[in-house]
Each structure stands twice: as structure tokens, then as C-alpha cells.
Amino acid sequence: MRAFLLYFIAFILIYVYNGRICPFVSTLSAQEIGFVVFVPLAISYFFRTVLYAKFIKKQKLDVQAVAIGWGDFLLFVASGLSIVLFNRIVYGFPFFESGLKIFLGALTIGFFVSVDLALEHNRKVMRVAGNMEWTYALPQVYYPITTKFFLFGTITVLLFASLVVAVIARDLYLLGSMSVQVSKVHILLTRKSIIVDVVFIMVVLLGFIVNLLYSYSLNLRMLFKSQTGVLERVSRGDMDDFVPVMTSDEFGIIAGHTNTMITGLRDRIRMMEGLKVAAEMQQALFPKKQVKFTGVDIAASSVFSDETGGDFFDFLEKIGPEKNEMVVVLGDVTGHGIGAALLMASTRAYLRMQAEYEYSPSDLLANANRLLAYDSYGTGRFVTLFCLHIAGENCAMKWASAGHDPAIIYDPEKSEFRELKAHGLPLGVLPDSEYEEVCCDTLRSGNVLVIGTDGIWEALAPEGEMFGKERLKEVVRMNHDKPATEILHAVVDAVKVFQDGEPQLDDITIVILKAE
């Protein structure tokens, strides 16, 4: 319906334009002018209907508007050329003085009509794009809105200037063709005619320009609504929809990047859900109940820097012939995330499997390392681990270390710290590594044993200073008379206060054993 209306308006405008601008056409009757204009436009409209049904409608939706725009413009060009040729052949009108002006008028009106119909079809496509298969990727080419407005403005100015020149040329031709002397009256009439024709052209062009600006504003409103609608749903957590990429300008770029963002958010959510499950499973691997050992108060905790971590601790209880022995292990896997968590789970499983029949710390580490080395070979990952065996009512201890920092014991009677050192490579480096087992020491009444990971003493303050082991020892010294759980909390709190809001860069794991 809109196409029919615009073609009818074009017929009226071209009819009026030809009668006023071309001095040769003005010699024809109104019926002849109407016939010469109507027939080419009617044929063009018929061809437009056929082309839309047979060709344009079968194209992809995202190219239909462009095809319609070019199709209508070429049909108007053909109509203008047909009028010029008909006048030349039938009436003998010259090409330059008559044909060029007629063609320029048809070209101008065809430009505005074709742009308007392309914009109108683009709106139709936008209404159905959300319910159809569409492209959501970034546009392959980029035409800024500013460039489109510049080209539209430039073409409009050139067409207006060309039409004004045609008007002036028409009146000068009429003056020059007069056989009588040109009087002042003729000049005034000519000036009036030029003013009337220029005003007519300005009004027509202004009407087309306002119509196109309104039509384009409707398109922009629909694009903006499509964009904001999807973003509003995304803000509510609904990421089932994408923004159709309808244009190759800024709106198309924004729509493409919005779709990329939605895809990234989907992947991020899936990853977060996976990490949440992994974190729950990893937490399930830690001891679920308070560990009890005769004469020893025990507390342990692990605080991850990410959703999942590589630190772990475990207590292998009630082992040995008389079920009065226990093995304490604390490890630190290189890196963070899922990879570290998987290696941590494998290490824990190997240690528990070996502990069913082997209680020696060095043999536990050697056998677990042999299995772990095959899993981690070529990955660059390894595990540092401290393994402590404690037995009997006198809390006799022996230990082994796989490249881990030594445990420390605070003796309140002497107000001294001593370290439980042992040599050995981290687990997973070489399959045939052997581990030194150190014996013997005892955990005497009031002694506090601390096993931790480097996330404690390597924690950073805002100015870049490390927490350090001396601060750790000072916290233990100041709180040695408290239960193991309170000592542990004092250490963790001291680290947080020291960091003063700085992000935790590494996992923090600590085991406290206090002899009662």
C-alpha cells in the first residue's frame, strides 16, 4: 500500500515538474503530459510487483531491504529514460534542453521514494526477525551512521542545486527564445517564475526529507527497543535471546558485541556452575567431623583463593596394630582451579589407599609419588606435602617431607620454636624419588605444632610486604594457651588484617596440633 501511494505521489510530482521545468513539455496538453508520465510509472510499478514476488521475496531477509531500495531506484531511472526517449522520438524534444531536466526530476524523486520504501521494508523485517533464524554475528562491513547521513545530505544538496540550475536554465531559455525585445515585465515574470519553481522544489524536497527522517527514526526506535529488550532480559538472568544484527552501522556493531557478551556470559555461567559443583565435591573430600586423638587438641582449615584450590589436609586415623596411631598430611598443589583440584583429589586418594597397609611417612610418600608421577608427567604440575606420623599416649612423632616447608613446634616452657625438617622432592616430579624419614620427637604438654602452606607467610600487604613466618610465630606465641581452634582463627584473622583488603592470591591451609 505504501509503495502504491508513493508511486502515485511520484506521478503527480513528475507531472507537475515536467510541465513547469521543461519549456518543450510545457507546449504539450495536460493529457499528453499525463500520458507520457503515467505509462512508464505504471509499467515500473507492475514490474516492481512482479520482481518482489518472484525475486526479492525469495532473498534472505537481511538483504531484502537493500534489494528493494536499489530495485525501486533503477525502476525510476528506467522511467525517466523512457520519458526522455519517448519525447525525443515522438515529439523531437532535444536531449540537453529537455531530456536532461526530465531525467533529473525522475532521478531525484526516485531517490527519495526508493530510500523510504527500503526503510519501510526494513521495519517489516525487524518485526519478524526475532522469531526467525537470523545472523547474530558482527557485521562483516561497517558503514557508520555519520557516513550515511553525510552521503544522504550531500546527494540531497547536489540534487537541489541541479534542479535550481534546471529552473534557471529553463527561464533563461525562454527569455532567449523570445522574438520581441525583453521588457521589464518579462524579467519580473521570469523572476517570479523562478521563485515559484524554487519554492516548489524546496517544499517537495523538504517534505521528502522530513518523511525520511521520521521513517529512519522509526527504524532507530525499533533497533533501540530490540537492543534494550534483550539487555533487560539479560539483567534479569534470562540469556535465551540474542539481538538480530539488522544493520552494518553502530547499531549492528552494538548488537554483535551484545551477542558476543551473551555467549560469554552463558559460558561463564556454565563454568561457574561447574566450578560450584567441583567446589562442593572438593569440600566433601575434607574431614567432615572433629578429629580426635588422645592427648591432642586438633584444628584444621583451608581457605581457597578461587572456587577450587590445590591445598588439602587429611587425617588417617586409628591405624597401626593397636589403632592408636594417626597420620597427618598437608599438601599444596601447584596452581589453582580445576586442574589443581583434580591433582589434589588424586593425591589424597593415593595416600589413603597406601595407608591401608603402610604407616611409614617415607614409604607413604614414595608409593604415592610413584603413582602420581604417571598422572602428572608432562603437565608441569607437582605436589609439595608434609606427612606426620604420631603414635601412642606419649605422642611420639616421625615425619617426612616432599619439598614442603617444615612444620614448626612452639614450646611455651622455653619460649622457643623448633622445625621438623626432612628432605625430599615434591610428588610427581620423578617416579623413583626416595624420601627421608626423621625420627623421633614428641609432642609434650602445652606444645603447639603448626603445619601450613605458603599462602600464609606469602600473603601480601597493600605495600607489597609479605606476612612472613616470624609474624606467624608471633601469633602462635601470643595465643599458645588457647585451644587449637582459637589459635587457628587467630592466625587466619592476623593474615586478613595484614592484607588490609588486598585480594588473597594463594590458598591458605593450616593444621594445629596442641598437646593437652
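Report on the accompanying structure. (Residues numbered from 1 in each chain as written. Predicted model: local features only at pLDDT ≥ 70, side-chain atom pairs only at ≥ 80, totals over all residues. Heavy atoms only, no water.)

Re the overall build of the protein chain
If you tally the helices and strands in the protein chain, you get 12 helices and 10 strands. What you see for the protein chain is a C-alpha radius of gyration of 44 Å, clearly larger than the 24 Å of a compact globule of 516 residues, by over 25%. Each principal axis of the C-alpha atoms in the protein chain carries an extent, and together these give about 135 × 45 × 35 Å. Per-residue burial over the protein chain gives 46% buried out of 516 residues. Accessible area of the protein chain: about 26600 Å², with a carbon and sulfur share of 63%. For the protein chain, the centre of its 46 positive side-chain charges and the centre of its 56 negative side-chain charges are spaced 17 Å apart. (Helix = DSSP H or I, 4+ residues; strand = E, 2+ residues; numbered from the N terminus. Rg over C-alpha atoms; globule rule 2.2 N^0.38 Å. Buried < 20%, exposed > 50% of the residue type's maximum accessible area, 1.4 Å probe, protein only. Areas by Shrake-Rupley, 256 points an atom, 1.4 Å probe, with all protein chains shown as cover. Lys, Arg positive; Asp, Glu negative; His and termini not counted. Charge placed at Lys NZ, Arg CZ, Asp CG, Glu CD.)

Considering the nonpolar core
Counting residues in each nonpolar core, the largest one holds 52 residues, and the members touching the most others are L388, L443 and L449. Discounting chain neighbours no more than four positions away, the residues touching L443 are V296, I390, N394, C395, M397, I409, L449, L513 and A515. Core analysis: the second largest hydrophobic core is formed by 47 residues, L28, F76, A106 and A166 among them. (Core = buried A, V, L, I, M, F, W, Y, C linked by side-chain atoms within 4.5 Å. Contact = heavy atoms within 4.5 Å.)

Let's talk about empty space enclosed by the protein
Enumeration according to the criterion identifies five cavities of 30 Å³ or more in this entry. What the largest cavity holds in volume is close to 100 Å³. Around the largest cavity sit L13, Y17, G105, T108, I109, F112, L163, F200, I201, V204, L205 and F208, which together line it. Contributions of two or more residues to the lining of the largest cavity are made by helix 1 (2-21), helix 4 (95-129) and helix 6 (184-235). Broken down by element, the residue count for the lining of the largest cavity peaks at five residues, all from helix 6. Along the lines of polarity and charge, the residues of the lining of the largest cavity split into 10 nonpolar, two polar and no charged. (1 Å grid on protein atoms, 1.4 Å probe; cavity = no way out; pocket = protein on both sides within 12 Å on 5 of 7 lines; lining within 4 Å. Points joined across faces, edges and corners; volume = space filled by probe spheres on them. Nonpolar A, V, L, I, M, F, W, Y, C, P; charged D, E, K, R; others polar.)

Some thoughts on the pattern of salt bridges
According to the stated counting rule, one finds 15 salt bridges in the structure shown. The salt bridge involving E419 is made with K421; its shortest N-O contact spans 3.7 Å. By relative accessible area, which is 33% here, E419 ends up partly exposed. K421 gets classed as exposed once you look at its relative accessible area, which sits at 54%. Through salt bridges with shared partners, a single network forms among D314, R348 and R352. (Salt bridge = Lys/Arg side-chain N within 4 Å of Asp/Glu carboxyl O.)

Re the state of the cysteines
Enumeration over the complete set of coordinates arrives at one disulfide. The disulfide bridge from C439 ends at C440, spanning 1.6 Å between sulfur atoms. Looking along the S-S bond of the C439-C440 disulfide, the torsion reads about 50°, which is the right-handed sense. Free cysteine C387: the closest other cysteine sulfur is in C439, separated by 13 Å. Unpaired in terms of disulfides, C395 finds its nearest cysteine sulfur in C440, a separation of 13 Å. (Disulfide = S-S within 2.5 Å.)

Considerations on the layout of surface pockets
The calculated volume of the largest pocket comes to roughly 1500 Å³. V66, A118, Y143, K148 and S248 are the residues nearest the centre of the largest pocket, which is lined by 40 residues in total. Per-element tally for the lining of the largest pocket: the top contributor is helix 3 (residues 61-91), with nine residues.

Things to note about the environment of W70
Its place among the elements puts W70 in helix 3. Sequence-wise, W70 and A118 are 48 residues apart; in three dimensions their C-alpha atoms are separated by 8.5 Å.

Side note on the packing of aromatic side chains
Applying the stated rule across the entire model yields 18 aromatic pairs. Between F111 and F152, the ring centres sit 5.9 Å apart and the planes meet at 25°, which makes this aromatic pair stacked. With a gap of 41 residues between them, F111 in helix 4 and F152 in helix 5 (residues 145-177) connect regions that are remote in the sequence. Like F152, F111 is buried. (Phe/Tyr/Trp six-rings, centres within 6.5 Å; stacked < 30°, edge-to-face > 60°.)

Observations concerning the sheet that holds strand 3 (residues 325-333)
What the five strands build is an open sheet, ordered 2-3-4-5-8; its pairing is antiparallel. Only two strands of the sheet have a single neighbouring strand rather than two, namely strand 2 (311-319) and strand 8 (437-442). On average, each strand axis in the sheet is inclined to that of its neighbour by 15°, with strand direction left out of account. As defined by bridge partners, strand 5 (residues 396-402) adjoins strand 8 across five bridges and the pair is classed as antiparallel. (Pairing = 2+ DSSP bridges. Axes fitted to C-alpha atoms, helices over the stretch in contact; angles between N-to-C directions.)

Concerning the side chain of D311
With respect to the element layout, D311 can be found in strand 2. The charged side chain of D311 is buried without a salt bridge, its nearest counter-charge being R381 at 11 Å. There is a polar contact of 2.9 Å between the side chain of D311 and the side chain of T453. At 3.0 Å, the side chain of D311 and the side chain of T509 are in polar contact. (Polar contact = N/O pair within 3.5 Å; in protein donor to acceptor, adjacent residues only side chain to side chain.)

With respect to the packing of helix 1 against helix 4
Put simply, helix 1 and helix 4 touch, their axes get as near as 10 Å, and they point 165° apart. By the criterion of interaxial angle, the relationship of helix 1 to helix 4 is roughly antiparallel. The handedness of the crossing between helix 1 and helix 4 comes out as right-handed. For the pair helix 1 and helix 4, the contacting residues are R2, A3, L6, Y7, A10, L13, I14, Y17, N18 and I21 in the first and K101, I102, L104, G105, A106, I109, V113, D116, L117, E120 and R123 in the second. Looking at side-chain class alone, the contact of helix 1 with helix 4 contains 14 nonpolar, two polar and five charged residues. (Parallel < 35°, antiparallel > 145°, perpendicular 65-115°, else oblique. Left-handed = near helix turned anticlockwise from the far one by under 90°.)

A look at the pairing of strand 10 (residues 508-515)
Counted residue by residue, strand 10 has eight buried out of eight residues, so it is predominantly covered. Of the two faces of strand 10, the one carrying I508, I510, I512 and K514 and the one carrying T509, V511, L513 and A515 are both buried.

Digging into the sheet that holds strand 10
With antiparallel pairing, five strands are arranged side by side in an open sheet as 1-10-9-6-7. Every interior strand has two partners, whereas the edge strands, strand 1 (296-303) and strand 7 (416-420), have only one. The mean inter-strand angle of the sheet, taken between neighbouring strand axes irrespective of direction, is 20°.

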